[in-house]
Amino acid sequence: MTNLLCPPSTYPHHSVPLARRYTKEHEWVSVDGAVGTVGISDYAQQALGDVVFVELPEVGKEVEKGSQVAAVESVKAASDIYAPVTGKVVEANEELAKNPTWINESPYEKGWICKIQLSNPAEFETLLNEESYKVHVEESAH
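These numbers were taken from a predicted model, which means no experiment stands behind them.

## Side note on the environment of Asp-42
- Its place among the elements puts Asp-42 in helix α1 (residues 42-48).
- Along the primary structure Asp-42 and His-26 are separated by 16 residues, whereas in three dimensions their C-alpha atoms are 8.5 Å apart.

If you want it as structure tokens, here you go:
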């Protein structure tokens, strides 16, 4: 099956699903109503290598856009994960703590980190769309 979003000749190694927004630090958020699901991009998980540990945020924690919300450790490095939006953590992916490799295997599905009740839904629109994120990744790789 051909991925029309990411033609092999221009963007061969990273999938970027539609209906998500991204930070320049490689976090993603998808919004359903006023709740955003947060994770790290396929590019980020590939750069990290095999993830061996995930530190999840506490449910109820208030987070500001750009503040640390979680952390991941891989065989290569430890990395802080930053909130792409402001709000309150309403759910953490507890299964991810038991299965940290889901970030590598399924960064946009099983590998989500937390859900945040958005305080300012307009922040979502200020994040990178799929096309802008692709360009950012390609520029970062050079």
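So, next bit.
## Notes on the UniProt feature "modified residue: N6-lipoyllysine" (unreviewed entry) in the chain
- The positions that UniProt labels "modified residue: N6-lipoyllysine" (unreviewed entry) are, in the present scheme, Lys-76.
- Topologically, Lys-76 is positioned in the loop between β6 (68-74) and β7 (78-82).
- Owing to a relative accessible area of 60%, Lys-76 belongs among the exposed residues under this scheme.
- The residues touching Lys-76, leaving out its near neighbours within four places in the chain, are Gln-46, Ala-47, Leu-48 and Gly-49.
- In terms of polar contacts, Lys-76 uses its side chain to reach the backbone carbonyl oxygen of Ala-47, at 3.5 Å.

## What to know about the sheet that holds strand β8 (residues 87-92)
- The strand order across the open sheet built from 6 strands is β1-β2-β3-β9-β8-β5, with neighbouring strands paired in antiparallel fashion. Among the strands making up the open sheet, the edge pair consists of β1 (21-22) and β5 (62-63).
- Bridge analysis of β5 against β8 gives 2 bridges, and the strand direction is antiparallel. In the sheet register, Glu-62 faces β8, and the bridge partner there is Lys-88.

## Side note on the sheet that holds β6
- In space, the 3 strands of this open sheet follow the order β4-β6-β7, with antiparallel pairing throughout. Since the sheet does not close on itself, it has two edges, and those belong to β4 (51-55) and β7, each with one partner. Across the sheet, the mean angle separating the axes of adjacent strands is 25° when strand polarity is ignored.
- Bridge count between β4 and β6: 4 bridges; the pairing is antiparallel. Bridge assignment links Glu-55 to a residue of β6, and that residue is Ala-71.

## Comments concerning the packing of aromatic side chains
- One pass over the full model with this rule turns up 2 aromatic pairs.
- Pairing Tyr-22 with Tyr-133 gives two aromatic rings, centres 4.4 Å apart and planes at 15°, and the pair type is stacked. You can see Tyr-22 sitting in strand β1 and its partner Tyr-133 sitting in helix α5 (residues 130-140), a full 111 residues away along the chain. Here the two residues Tyr-22 and Tyr-133 agree in accessibility, since each one is buried.
- An angle of 50° between the planes, with centres 5.8 Å apart, marks the rings of Trp-28 and Tyr-108 as tilted. In this pair, Trp-28 is assigned in strand β2 (residues 27-32) and Tyr-108 in the loop between α3 (102-105) and β9 (114-118), connecting sequence segments 80 residues apart.
- The exposure class assigned to Tyr-108 is buried, which follows from its relative accessible area of 7%.
- Of note, Arg-20 hangs over the ring of Trp-28, and the distance from its end group to the ring centre comes to 4.6 Å.
- The cationic tip of Lys-115 hangs over the ring face of Trp-112; the distance from NZ or CZ to the ring centre is 5.0 Å.

About the cut-offs
Residues numbered from 1 in each chain as written. Predicted model: local features only at pLDDT ≥ 70, side-chain atom pairs only at ≥ 80, totals over all residues. Heavy atoms only, no water. Helix = DSSP H or I, 4+ residues; strand = E, 2+ residues; numbered from the N terminus. UniProt positions renumbered as here; feature names shortened; annotations may be inferred. Buried < 20%, exposed > 50% of the residue type's maximum accessible area, 1.4 Å probe, protein only. Contact = heavy atoms within 4.5 Å. Polar contact = N/O pair within 3.5 Å; in protein donor to acceptor, adjacent residues only side chain to side chain. Pairing = 2+ DSSP bridges. Axes fitted to C-alpha atoms, helices over the stretch in contact; angles between N-to-C directions. Phe/Tyr/Trp six-rings, centres within 6.5 Å; stacked < 30°, edge-to-face > 60°. Lys NZ or Arg CZ within 6 Å of the ring centre and 35° of its normal.

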